[in-house]
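# Residue-level structural notes
Here is what each chain is made of, one letter per residue.
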Amino acid sequence: MPERRRGAALEKALLDAAWDELTANGYARFTMDAVGRRAGTSPPVLYRRWADRDELVRAAIAHVLERSRIEAPDTGSLREDVLTLMRTINATRVQLVTVMSVHLAGYYQETGTGPGDLLAGGHEPTGDVLFERAAARGEIDPDRLTDRIKALPFDLLRLEILTTYAPVPDHVLEEIVDTVFLPLLR
């Protein structure tokens, strides 16, 4: 008989099962029963922690983001910082981007939220530190920065991922940074 899981070990197992259920079957077929079966437990165990499936979805996303936190790089140049961060996201987040954009479409429709709402918990590295360093080094004029410009390379990366559901070739990342993003700052 397997040892009974408790506390943090049980919560991790439940959140891992919830993530696995989301990636395997999407939000439309995501149920507390399905997560319970996948975790080898009963739905009441889930309901003691999360009031409903939407709350469990949010917790599973936060769990995945926390366990795969990306630190903001510091390479000494804005170009290399942005490319390094994009390469890291590209190498580690294709599944997450796909799940959050495609598999959770029903969630967004039902709850009136969007991917930004799920990411608002502060789990993602802030690009602001990259731009603050670049401004301090004199690489960019901070007055030219807008939220849209700061988000642009990462929005284009996400678009590329969603176009192919695969990692983006490195030459495309460099093209985004060198021909689209950086010219806006000069």
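Report on the accompanying structure. Computed from a predicted structure; not experimentally measured.

This brings us to the packing of helix H1 (residues 7-25) against helix H6 (residues 94-103). Here H1 crosses H6 at 65°, and the two axes come no closer than 10 Å. Taken together, the axes of H1 and H6 are roughly perpendicular relative to one another. For the pair H1 and H6, the sense of crossing is left-handed. Residues Trp19, Leu22 and Thr23 of H1 pack against Gln95, Leu96, Val99 and His103 of H6. Residues of the contact of H1 with H6, tallied by class, amount to four nonpolar, three polar and no charged.

Counting across every chain of the model gives three aromatic pairs. For the ring pair Tyr27 and Tyr107, a centre distance of 5.5 Å and an interplane angle of 80° mean the geometry is edge-to-face. A residue pair is termed long-range when its members are at least 10 positions apart, and Tyr27 in the loop between H1 and helix H2 (32-39) and Tyr107 in helix H7 (residues 105-111) qualify at 80 residues. Of the residues examined, Tyr27 reaches a relative accessible area of 2% and is grouped as buried. Centre to centre, the rings of Tyr107 and Tyr108 are 5.7 Å apart; their planes meet at 70°, and the pair counts as edge-to-face. Within the aromatic cluster, the residues linked to one another by ring pairs are Tyr27, Tyr107 and Tyr108. Over the ring of Tyr27 we find Arg53, and its NZ or CZ is 3.8 Å from the ring centre.

Turning our eyes to something else, we now look at the nonpolar core. Counting 29 residues, the largest nonpolar core has Trp50, Leu56, Val57, Ile61 and Leu104 as its most contacted members. Mapped by element, the contributors of at least two residues to this core are H1, H2, helix H3 (43-47), helix H4 (53-67), H6 and H7. Once residues lying within four places of it in the same chain are set aside, the contact partners of Val57 are Leu22, Tyr27, Phe30, Leu104 and Tyr107. Ranked by size, the runner-up nonpolar core spans 26 residues in total, among them Leu78, Ile149, Leu157 and Leu182.

So, on to helix H9 (residues 128-136). Along H9, the residues that are buried comprise Leu130, Phe131 and Ala134. Projection of H9 onto a plane perpendicular to its axis shows the buried side chains occupying an angular sector of 95°, all on one side. The exposed set on the far side of H9, more than 90 degrees from its buried face, consists of Glu132 and Ala136. Of the surrounding elements, those touching the buried residues of H9 are helix H5 (78-92), helix H10 (147-164) and helix H11 (170-185). At the C-terminal side of H9, Gly138 shows a positive phi close to 80°.

What counts and what doesn't
- Every chain begins its residue count from 1, and numbering advances along the sequence as written.
- Only residues with pLDDT of at least 70 are given local features in this predicted model, and only at 80 or more are side-chain atom pairs given and counted; all residues enter the totals for whole chains, interfaces and linings.
- For the side-chain quantities, the full set of heavy atoms in the structure was used; hydrogens and water were omitted.
- Axis definition: a line fit to C-alpha positions, over the contact stretch in the case of helices; interaxial angles, taken between N-to-C directions, run 0 to 180 degrees.
- For the purposes of this entry, the term helix denotes a DSSP run of H or I that reaches at least four residues, the term strand denotes a run of E that reaches at least two, and both are numbered from the N terminus.
- Oblique is the label for any angle not under 35 degrees, not over 145, and not in the 65 to 115 range, which are roughly parallel, roughly antiparallel and roughly perpendicular in turn.
- Helix crossings are classified by the rotation of the near helix relative to the far one: an anticlockwise turn of less than a right angle makes the crossing left-handed, while a clockwise turn makes it right-handed.
- Pairs of residues are marked as contacts when any of their non-hydrogen atoms sit within 4.5 Å.
- Each residue is assigned to one of three groups, with Ala, Val, Leu, Ile, Met, Phe, Trp, Tyr, Cys and Pro labelled nonpolar, Asp, Glu, Lys and Arg labelled charged, and all others, Gly among them, labelled polar.
- Centre distance within 6.5 Å is the pairing criterion for rings of Phe, Tyr and Trp, where only the six-membered ring of Trp is used; planes under 30 degrees apart are then read as stacked, over 60 as edge-to-face, and the remainder as tilted.
- Under the scheme applied here, a residue whose accessible area is under 20% of the maximum for its type counts as buried, over 50% as exposed, and between as partly exposed, the area being computed with a 1.4 Å probe on protein chains only.
- Distance and angle both matter: a charge sits over a ring if NZ of Lys or CZ of Arg is within 6 Å of the ring centre and within 35 degrees of the ring normal.
- Here, nonpolar core refers to any group of buried Ala, Val, Leu, Ile, Met, Phe, Trp, Tyr and Cys residues whose side-chain atoms link them within 4.5 Å.
- Each C-beta atom gives one direction from the helix axis, and the arc is the one those directions make.

So, to be careful, I would describe these as geometric facts and stop short of saying anything about function.
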